[in-house]
Amino acid sequence: MVAFNLTQEKIARHPFWDILCFGGDAQLFRKLKQYCDNIYFLDKPCRLINNLQAISPEELNLSLLFVIISKATNISGYFFRRIRAKINNFLPKILVISADKIDGNTRKLLLENEEVLDYLEAYNLKFDILEQKVVSALKVYHEQCICLEAGKREEISLWGGNSQIQQIATFIPGMVFQLKYDSPQDCFFTFVSRAVEDIFECTPEEAIQDINKIISCINEEQNLQLQRVIQLSKQYFTPFNFDCQILTPSGKTKYIRIHSSPQKISKESLVYNGIVIDITVEKQREIALRENALLQKTINTIVAKMRETLDFQSVCNTATAEVRNLLNCDQVAVYKFREDWGGSFVAESCRHDSVSLLRHNQGVWDDSYLQSLQGGRYRYGDILTVDDLDDCELSPCHRQKYREYNIKSLCTVPIFCGNKLWGLLACYYRHRYHWQPRHVNILKQIASQLGIAIEQANLFHEIKRQSEELKQAKEKAEIACKAKSEFIANISHEIRTPLNAILGFADLLRDIITDEKGKDYLEAIITSSNSLLSLLNDILELSKIEAGKMPITYKPMQLTSLLEDIMGVFSLKAKEKNLDFQLIIEENCPDNILFDGARLRQILFNLIGNAIKFTHRGYVKVFARGIDNNDGHCCGFKITVEDTGVGIKEDQLERIFEAFAQECEPTIRQYEGIGLGLTITKRLVSLLQGNIYVESQVGVGSKFTVEFPHVALTSSPETPNPEEKLQPTIPYVLAINQAESDLVTIREYFQKNNHHVICAESEEEAIVLMAEYRPELIFLGVNNSSEREEAFLKMTQELCRNRNVPLILVANPEKSQNLLQKNSSECLLLKPVKEEDLLAVIQRLGSLEPKGKETRYSKTKMSLCHPELRQKMEEVYRKQWQEIKETKIISRIKKFAEKLKEEATKYNDNILLNYAAKIKEDIENLDLESLDKTLNRFPELLTG
């Protein structure tokens, strides 16, 4: 049990007036706390608490108790004495808050209870009422502390016959009085100064003769409160202060403040000496300030809520709801003008029993008067206020319209978006209401903010609309680009077929045409056809990149080996031009990396090929060096191709990477090419997340540098990833420079035997494909006996011998003898290629292999070896296969292939693993014809 014994000095040192709350629920406590936090007395705020354990005695200034009751039976002296016993302090005053409505009997019990200072009802709890009661209680508490501390009692007498007191009272700004008080029924004035005439509108004689002249001006509720305050003052013999509102006989509303101190004239009789001050102006100012602060706080809340969203409807709904809650209107609505100055209501907030402006006639309220004047007075910012519809100067039609909606009073404020009148914000009451200037000003502020919010919402929707249009335009452009790429790919394929026929027939004509002029024409045809074929290949490559179908595959590789292979390919050309051709690899250059070697090879082929093509004397040097990025698992490298060729003008450096861009000088136009090589190179570099730079000077040379800052390192390119051990190894067959009819025969035969056939139409492409796919068999078409073709044949034979890959030459019958004499170790197929001839050559290749080694090119066995796996395929997967074969839904086919792969891994079956991989490859290549053939072969897996 803690005792709180505070002096006046101690009270002054405390920053709060502490109020302790007993009983009630959490919701009522939060509401009381919110109100108490805004109540001030003697420049100190109040603090409501409900737990004494959380605050030490030194930090407490307990001045008032809130005791919350729910039943009248709880009101007893014993009940309050128990509360005082808990805090062990007689100073704090008790304010009873009833959770129920207080009836007459309950009110009587409260007034008779000496422990109760005052009371109020929770259902009618308002800030103004609570503030008045709390301040009055704090005044009693403060003055009681002062009196108890002073401990003084003075002898006093009645003033009634003292003329000197009367003269002095005339100089005091307020009504001076002396009240003889024994009980509420036994009390009267012994003295009243002349100021009573100004305050209560009665004479001093009338007030002294009949105290009800004063009491009747105070309403019943506040009169009961005053009586309660006097009772407490009498009980504790303390001064009291009391503020209340009065209504004078002439109908004026005033606010008064009563200061009074008790004086004993006998053991049971008291007189109260005091003063009554008219504080109407002060109170009105205080109410106005508090109301303005509350209104401004609400306005800020409305503005914040409107700015939280950019949705037009949400902004309007928020504004109407908050304005109605702020001004307690019956109805608030937002009206929007159309282009013809008609309009309709777009948002409203109203009482449930009001006629809806929004739903009635679908919200349309076309005002012919406003339409004819194009917004009328509202265009100039005028505001319409009507306190009483019956006393205004509105036209009869407007008055009738408002009466349909039971509207008695209204205020309409224009809403501007920028400088344009957008609509109206209207507030309506169903009773007479006096529109004060501050309320109209509030509506103006809200309408202004509403206009800004609507303007922002419109701007947001406009931006959203434009973004949607841009998105649709982008999608259309992407579709068009994809269609263009597909068209280029298709048309390139269609052009290539007759072009191959032209080259084939031109090759046949070499041995038929004998005159020199005809041979010149024939060479021109062949040269032009080869140029056109090269152009088609470049266009097709570029279209693949633009369509996003250029696959990037990162595999372990040796950078040094790749560079040396490329130098070997171009060494012959460099030697023919007598150029100094060097490869310089610095020590910090990484070797074992994870990279797409095929694309890097293609990039370097273009750069080194261009360097040799445009250099007639001097050197072409390739530099490889590392880029240190302080990461032990990742590094970078850059490769520079430097030459002493013709060079590039400075103003052309930016254009050389554009499609079909070349220098237009006559000395440059003599070289072959159409300007796609560098375009493809730059895009491939970007796909590999690298950069390309160029430095050049006319007549001095050029330097092209490609750099890849972030490349993963590997321990060894030959070390397979453990996860890749289960991946199927599907053999490849490479066909180089084959006629279309021969290529069809080769492809059909090997596809039936579960092989992939890849085609190369140029020497450079063949070298790239050999390095990337490492084919198990190569077909090389021999069309003529030019030096270039013979050099490529020798290089291919050398590569095949080094990698132990069989090479089959395909040639015309008339050239077969000559080829066999020069290349006796190679197999030869005669044109046109027939399947039986092809089979004979394959069987011959199989007989040349070491004994005991099964030929790789015999017909592949498709049936599964494991009986349990075959049974599972029959019972579980045959039905799925039939469904996907009929529907041909790609997503289901992918899932089917994944399941087959899982089963193949489980049973360690390479045949099923290769079959699932073939399905996946056909889907990735969008080769629907091959996919259909692959699916048709599923029943072969089930044959025992």
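Residue positions are given per chain, counted from 1 along the sequence in the order it is written. Given that the model is predicted, a residue must reach a pLDDT of at least 70 before its local features are reported, and side-chain atom pairs must reach 80 or more before they are shown or counted; all residues, however, enter totals for whole chains, interfaces and linings. The side-chain numbers reported here are obtained from all heavy atoms of the structure, hydrogens and water having been left aside.

Turning to the overall build of the protein chain, a few remarks are in order. Numbering of helices and strands runs from the N terminus; a helix is a DSSP stretch of H or I covering at least four residues, while a strand is a stretch of E covering at least two. Summing up its helical and strand segments, the protein chain has 30 helices and 28 strands in all. For the protein chain, the residues scored as buried account for 45% of the 944 residues in total. Whether two residues are in contact is decided by their heavy atoms: any pair within 4.5 Å suffices. A separation threshold of at least 6 residues defines the contact pool for the protein chain, and within that pool the share at least 24 residues apart is 66%. Carbon and sulfur atoms make up 51% of the accessible area of the protein chain, which totals about 50,500 Å². Only protein chains enter the accessibility calculation, which uses a 1.4 Å probe. A residue is then buried if its area is under 20% of the maximum for its type, exposed if over 50%, and partly exposed in between. Note on areas: these come from Shrake-Rupley sampling with a 1.4 Å probe, and a residue is covered only by the protein chains present in the view.

Here the focus is empty space enclosed by the protein. Buriedness of a pocket was judged along seven lines, with at least five required to meet protein on both sides within 12 Å; pockets are open sets of points on a 1 Å grid over the protein atoms alone, cavities are sets where a 1.4 Å probe fits but cannot get out, and lining residues have an atom within 4 Å of a point. Grid points are joined across faces, edges and corners, and a volume is the space filled by probe spheres set on the points. Under the criterion given, the structure shown has one cavity of 30 Å³ or more. In this structure, the largest cavity occupies an estimated 30 Å³ of space. L117, D118, K133, S136, A137, V140 and V229 together form the lining of the largest cavity. Secondary-structure elements contributing two or more residues to the lining of the largest cavity are β6 (116-121) and α5 (127-150). Among the elements that take part in the lining of the largest cavity, α5 stands out by supplying four residues, more than any other.

Moving on, we get to the pattern of salt bridges. Any Lys or Arg side-chain nitrogen located within 4 Å of an Asp or Glu carboxyl oxygen qualifies as a salt bridge. In total, this model carries 22 salt bridges according to the counting rule given. A salt bridge links E197 to R194, with the nearest nitrogen and oxygen atoms 3.3 Å apart. With a relative accessible area of 36%, E197 lands in the partly exposed category. Residue classification places R194 among the partly exposed positions, given a relative accessible area of 46%. Taken together, the salt bridges that share partners define one network made up of D388, D390, R403, K408 and R432.

It is worth spelling out the packing of aromatic side chains at this point. In this analysis, rings of Phe, Tyr and Trp, with Trp reduced to its six-membered ring, are considered paired at centre separations within 6.5 Å, and the interplanar angle assigns stacked below 30 degrees, edge-to-face beyond 60, and tilted for intermediate values. All told, the structure shown has 21 aromatic pairs when counted by the stated rule. Ring centres 5.8 Å apart and planes at 65 degrees place the aromatic pair Y35 and F127 in the edge-to-face group. One end of the pair, Y35, is in helix α2 (residues 26-36); the other, F127, is in helix α5, and 92 residues separate them in sequence. Take Y35: its relative accessible area is 17%, and that puts it in the buried class. What links up through ring pairs into an aromatic cluster is the set Y877, W881, F896, Y915 and F938. Geometrically, a lysine NZ or arginine CZ counts as sitting over a ring once it is within 6 Å of the ring centre and also within 35 degrees of the ring normal. For K44, the ring lying beneath its charged end belongs to W17, and the centroid distance is 4.2 Å.

With that settled, the discussion passes to α2. When we look at burial in α2, the residues that qualify are L28, F29, L32, Y35 and C36. Along the axis of α2, the buried positions cluster into a sector of 125 degrees, meaning they face one direction only. Every exposed residue of α2 that faces more than 90 degrees away from the buried side is listed here: Q27, R30 and Q34. To obtain the arc, one takes the directions from the helix axis to the C-beta atoms.

Let us now look at the packing of helix α18 (residues 597-613) against helix α22 (residues 763-773). Only the stretch in contact is used when fitting a helix axis, every axis being a line fitted to C-alpha atoms; angles between N-to-C directions are given from 0 to 180 degrees. The contact between α18 and α22 brings their axes to 9 Å, and the two run at 155 degrees. With respect to α22, the element α18 is oriented roughly antiparallel. The two elements α18 and α22 meet at a crossing, and its hand is right-handed. Between α18 and α22, the contacting residues are A598, R601 and F605 on the first element and E764, I767, V768, A771 and E772 on the second. Any angle that is under 35 degrees is reported as roughly parallel, and any over 145 degrees as roughly antiparallel; angles of 65 to 115 degrees are reported as roughly perpendicular and all others as oblique. Handedness of a crossing follows from how the near helix is turned relative to the far one, being left-handed for an anticlockwise turn of less than a right angle and right-handed for a clockwise one.

Two strands make a pair as long as DSSP finds a minimum of two bridges between them. Read across the sheet, five strands follow the order β8-β7-β11-β10-β9 without closing on themselves; strand pairing throughout is antiparallel. Since the sheet does not close on itself, it has two edges, and those belong to β8 (187-192) and β9 (240-247), each with one partner. In this sheet, neighbouring strand axes are inclined to one another by 30 degrees on average, regardless of whether the strands run parallel or antiparallel. Relative to the sheet, helix α10 (residues 220-236) contacts β7 (175-181), β9, β10 (253-264) and β11 (270-278), its axis offset from that of β9 by approximately 165 degrees.

Before going further, it helps to spend a moment on the sheet that holds strand β2 (residues 40-41). Strand order in the open sheet formed by six strands is β2-β3-β1-β4-β5-β6, with mixed pairing between adjacent strands. Because the sheet does not close on itself, it has two edges, and the strands there are β2 and β6. As paired elements, strand β1 (residues 17-22) and strand β4 (residues 62-69) share five bridges and run parallel to each other. Its bridge partner being in β4, F22 is matched across the sheet by V67. The sheet strands contacting α2 are β1, β3 (44-49), β4 and β5 (93-98), and the helix crosses β3 at an angle near 170 degrees.

Attention shifts here to the packing of α22 against helix α23 (residues 787-803). Helix packing geometry: the angle between the two helix axes and the distance between the axes. Relative orientation of the contacting elements α22 and α23 amounts to 5 degrees, with a least axis distance of 12 Å. Considering their axes alone, α22 and α23 lie roughly parallel with respect to each other. Counting all contacts with α22, which are made through E763, E764, A766, I767, M770 and A771, the residues of α23 involved are R788, F792, M795, L799 and R803. Residue polarity is assigned by list, with Asp, Glu, Lys and Arg as charged and Ala, Val, Leu, Ile, Met, Phe, Trp, Tyr, Cys and Pro as nonpolar; anything else, Gly included, falls into the polar class. Here the residues of the contact of α22 with α23 are counted per class, giving seven nonpolar, no polar and four charged.

A few words on the confidence of the model for the protein chain. Confidence scores labelled pLDDT are given residue by residue by the predictor and lie between 0 and 100. On average, residues of the protein chain carry a pLDDT of 79, and 81% of them reach 70 or more. Least confident of the elements in the protein chain is helix α19 (residues 666-669), whose mean pLDDT is 47; most confident is strand β18 (residues 580-585), at 93. pLDDT under 50 marks residues 151-157. Its contacts with residues more than four places away, or in other chains, come to 10 contacts. When the criterion is pLDDT under 50, residues 717-729 qualifies, and its contacts beyond four places in sequence or with other chains add up to 13 contacts.

Glancing now at the pairing of β4. Taken across its eight residues, β4 has eight buried, putting it largely inside the fold. Relative to β5, β4 runs parallel, the two sharing six bridges. Bridging across to β5, V67 finds its partner in V96.

Turning our eyes to something else, we now look at the nonpolar core. Nine residue types can take part in a nonpolar core, namely buried Ala, Val, Leu, Ile, Met, Phe, Trp, Tyr and Cys, and a core is a set of them joined through side-chain atoms within 4.5 Å. Counting residues in each nonpolar core, the largest one holds 69 residues, and the members touching the most others are L559, F595, L600, I608, F637, I639 and F708. With nine residues, the single largest contributor to this core is α18. In this structure, L559 is in contact with C589, P590, D591, I593, L600, F637 and I639, ignoring residues within four places of it in sequence. Of all hydrophobic cores here, the second largest spans 33 residues; its members include C316, L327, A453 and I454.

Taken across its seven residues, strand β12 (residues 331-337) has six buried, putting it largely inside the fold. Summarising the sheet, β12 and strand β13 (residues 343-350) pair through seven bridges and their orientation is antiparallel. Considered in β13, the bridge of F337 is made with G343. Where β12 and strand β16 (residues 420-429) come together, six bridges link them in antiparallel fashion. If you follow V334 over to β16, its bridge partner there is L425.

Here we take up a nonpolar patch on the surface. On the surface, a nonpolar cluster with roughly 330 Å² of combined accessible area is contributed by F487, I491, I495 and L532. No other element matches helix α15 (residues 437-509), which puts three residues into the nonpolar patch. Turning to its location among the elements, L532 is positioned in helix α16 (residues 516-546). Relative accessible area serves as the criterion here: at 35%, L532 is assigned to the partly exposed category. Without a salt bridge and with relative accessible area above 30%, a residue can belong to a patch; like charges are then joined within 9 Å and nonpolar side chains (Val, Leu, Ile, Met, Phe, Trp, Tyr) within 5 Å.

This paragraph deals with the environment of R30. Among the secondary structure elements, R30 is positioned in helix α2. On the accessibility criterion, R30 (55% relative accessible area) is exposed. As a C-alpha pair, R30 and L48 span 18 residues in sequence and 9.4 Å in three-dimensional space.

This part takes up the side chain of S98. For S98, the location among the structural elements is in strand β5. Residue S98 is classed as buried on the basis of its relative accessible area of 5%. Of note is the side chain of S98, whose polar atom sits 2.7 Å from the backbone oxygen of D100. Contact partners of S98, with chain neighbours within four places excluded, come to I69, L120, E121 and A122. The term polar contact refers here to a pair of N or O atoms within 3.5 Å; inside protein, the definition further demands a hydrogen-donor-capable atom paired with an acceptor-capable atom, and it admits residues adjacent in sequence only when both atoms are side-chain atoms.

This paragraph deals with the environment of F708. Mapped onto the fold, F708 is located in strand β23 (residues 701-713). With 73 residues separating them in the primary sequence, F708 and C635 have C-alpha atoms 8.8 Å apart. With near-sequence residues (within four places) excluded, F708 lies in contact with F595, L600, I603, C635, G636, F637, V685, L688, Q689 and G690.

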